[in-house]
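Single-letter residue listing:
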Amino acid sequence: MKFYISTTGIKRVTISTTNSSAKGSTVATRRVTRRAVFPVVLLLSIVLPFLFVRIAFLVLESASACNSALDCIGWRLLGGSETSLLREELTRALVEAREGHGTNDGDYRREGSTESFNVLVNEMTTNQQDIKTFAFRTKAMLSMMELKVQSAREQESVNWHFASHGVPKSLHCLCLKLAEEYAVNAMARSHLPPPEYVSRLTDPSFHHVVLLTDNVLAASVVISSTVQHSANPEKLVFHIVTDKKTYIPMNAWFAINPIKSAAVEVKGLHQYDWSHEVNVRVKEMLEIHRLIWSHYNDNLRNANFQHEGAHERSLEALTPSCLSLLNHLRIYIPELFPDLNKIVFLDEDVVVQHDTSSLWELDLNKKVVGAVVDSWCGDNCCPGKKYKDYLNFSHPIISSNFDHDRCVWLYGVNVFDLEAWRRVKITTNYHKWLKQNLNFGMELWQPGAHPPALLAFEGQVHPIDPSWHVGGLGYRPPQAHNIKMLGDAAVLHFSGPAKPWLDIGFPELRSLWNRHVNFSDKFIRKCRILG
């Protein structure tokens, strides 16, 4: 055999084989070009390092997973059952971690929580810990992260409720400007309603609408939206009851912005001449509500927010309505209007979108209050909450008298038969329940005026059509498929912390309220109340 290599490089290799027999010789020639060799060399240079690393990894892993490394390398190289074995081992470790067998994940928490998954992986590879330890530490890390998320959500909810307590600078400015106007402008001091409308205040042929509020801008929106959509605005008589500090700006606003056709009465609580007995009962009611609020507020202050929903009831103690004098005085509406026998009550945070005349034509079937109970969202769906969300059904006096799964009737858009109210003594029944709650350590219900009202009005509620009242718009924005429902509703109620005049109000809903704000008014512009 002879090799011939050219001097110009390995361009040609000739291999010659010589046979000594008489038949001669046969020469076989092969040519290998550079184009054929280069791809092969390149492929090997890429594959061989990965193959080496793969073999080394399998040998190291097999040392703990198999009795013998040689027993495992063969079938792992072929890719036979590696995935299945790894899956089984990982599944077994995760199940043990979930069930807490062998090691408590609390031990890993005490050792220190790993903040990053990458740090965890680095620690595991550096310390050469097994997959079971990895599963337990991963579980501990995820559990700690879940607790932190829950705590953050609870704290966010608390801050959200605190934000609802504040009075925006623009609304405070509006009251100050109107008070100044009251001092210098005789028109702003005009008594409401004008003399020609005074006879309407007790005339049962008119439609009497009652508002208890200390919010001038909100009251203007309620009245403006009601008049705008009324078929007979000249039949409307609005009775606004406010506190002493808000009386002057409230009177100034409606005196210099008179409502065409409709009559508006503004009256402060200091202008009522109640008997000594009524004053004592009101003070007693407010004191009991204050004690209930303090009880739940203390629970909230001591909370650590480590469990989701654990302090949901205590959060209700933060809502402004729990401390509002005017909110609690709604149970005294018959005393506020002794000459009226039927009224429509509207909350300050509503927007009227349809004519409300038909509310006066409702037959309440000798019940005291007409209110929305059922819901537009279908069967077994409550528009507000259920009795169990307000009352403590672990107490026998509650569980034995009420159904925990019943839907509550909603405050905010109500028809009250004041004659029936006086006859069945709703206010007296309300006070009895307040004293019961005080005697039982204030554990019968959560703070607010609604829970005792549910008890006092038991059996005296007449359901009205759900389209009259769509509430809860201060708790959550509506889903996309409910937008049409908002347009069809007669009254929108922004019940909840996120009022439309606050910064925390939902932007997608604020326009429904802003359209009834008089942005052309000079005081609105000066105080920079923006839509």
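In this text, all values refer to a predicted model and were calculated from it rather than measured experimentally. (Residues numbered from 1 in each chain as written. Predicted model: local features only at pLDDT ≥ 70, side-chain atom pairs only at ≥ 80, totals over all residues. Heavy atoms only, no water.)

### Some details on unusual backbone geometry
Here is step 1 of the chain: Along the chain, L192 connects to P193 via a cis peptide bond; the corresponding omega equals 0 degrees.
Here is step 2 of the chain: Relative to the helices and strands, P193 resides in the loop between α7 (169-184) and β4 (207-212).
Here is step 3 of the chain: Non-glycine residue N365 carries a positive phi angle of around 55 degrees. (Helix = DSSP H or I, 4+ residues; strand = E, 2+ residues; numbered from the N terminus.)

### Quick notes on the sheet that holds strand β11 (residues 461-464)
Here is step 1 of the chain: In spatial order, the strands read β6-β5-β4-β7-β10-β9-β11; together these seven strands make up an open sheet with mixed pairing. The two strands at the open ends of the sheet, each matched to only one other strand, are β6 (263-268) and β11. With direction set aside, neighbouring strand axes in the sheet form an average angle of 25 degrees.
Here is step 2 of the chain: Two elements, β4 and strand β7 (residues 342-346), share two bridges in a ladder whose sense is parallel. Bridging from a neighbouring strand, V209 pairs with V344 of β7. (Pairing = 2+ DSSP bridges. Axes fitted to C-alpha atoms, helices over the stretch in contact; angles between N-to-C directions.)

### Quick word on the side chain of H469
Here is step 1 of the chain: Summarising the element assignment, H469 is placed in the loop between β11 and α18 (483-488).
Here is step 2 of the chain: Owing to a relative accessible area of 1%, H469 belongs among the buried residues under this scheme.
Here is step 3 of the chain: A polar atom in the side chain of H469 sits 2.9 Å from the side chain of H493.
Here is step 4 of the chain: Each residue touching H469, except ones within four places of it in the same chain, is listed here: V372, L410, Y411, G412, V413, V491 and H493. (Buried < 20%, exposed > 50% of the residue type's maximum accessible area, 1.4 Å probe, protein only. Polar contact = N/O pair within 3.5 Å; in protein donor to acceptor, adjacent residues only side chain to side chain. Contact = heavy atoms within 4.5 Å.)

### Side note on the pattern of salt bridges
Here is step 1 of the chain: Under the definition given, this model contains eight salt bridges.
Here is step 2 of the chain: Across the salt bridge formed by E287 and R290, the nearest N and O atoms sit 2.7 Å from each other. Of this pair, E287 and R290 both sit in helix α10 (residues 276-301), three residues apart, which is roughly one turn of that helix.
Here is step 3 of the chain: In the salt-bridge network here, residues are joined through shared partners; they are D214, D243 and K245. (Salt bridge = Lys/Arg side-chain N within 4 Å of Asp/Glu carboxyl O.)

### Observations regarding the confidence of the model for the protein chain
Here is step 1 of the chain: Confidence in the prediction of the protein chain, expressed as mean pLDDT, is 80, and 69% of residues score 70 or more.
Here is step 2 of the chain: Within the protein chain, the lowest mean pLDDT, 42, falls on strand β1 (residues 2-5), and the highest, 98, falls on strand β5 (residues 236-242).
Here is step 3 of the chain: Contacts from residues 1-30, a stretch scored under 50 in pLDDT, to residues over four places away or in other chains number 26 contacts.
Here is step 4 of the chain: pLDDT under 50 marks residues 108-112. Its contacts with residues more than four places away, or in other chains, come to nine contacts. (pLDDT = per-residue confidence, 0-100.)

### Examining helix α16 (residues 426-439)
Here is step 1 of the chain: Helix length check: α16, at 14 residues, gives a terminal C-alpha distance of 20 Å against a target of 20 Å (1.5 Å per residue), a fit within 8%.
Here is step 2 of the chain: Of the residues making up α16, those classed as buried are I426, T427, Y430, H431, W433, L434 and N437. Projected down its long axis, α16 carries its buried residues within an arc of 160 degrees, all on one side. Looking at α16, the residues exposed on the side facing more than 90 degrees away from the buried face are K432 and N439.
Here is step 3 of the chain: Just downstream of α16, G441 is the residue with a positive phi angle, here 75 degrees. (Expected span 1.5 Å × (residues − 1). Arc of directions from axis to C-beta.)

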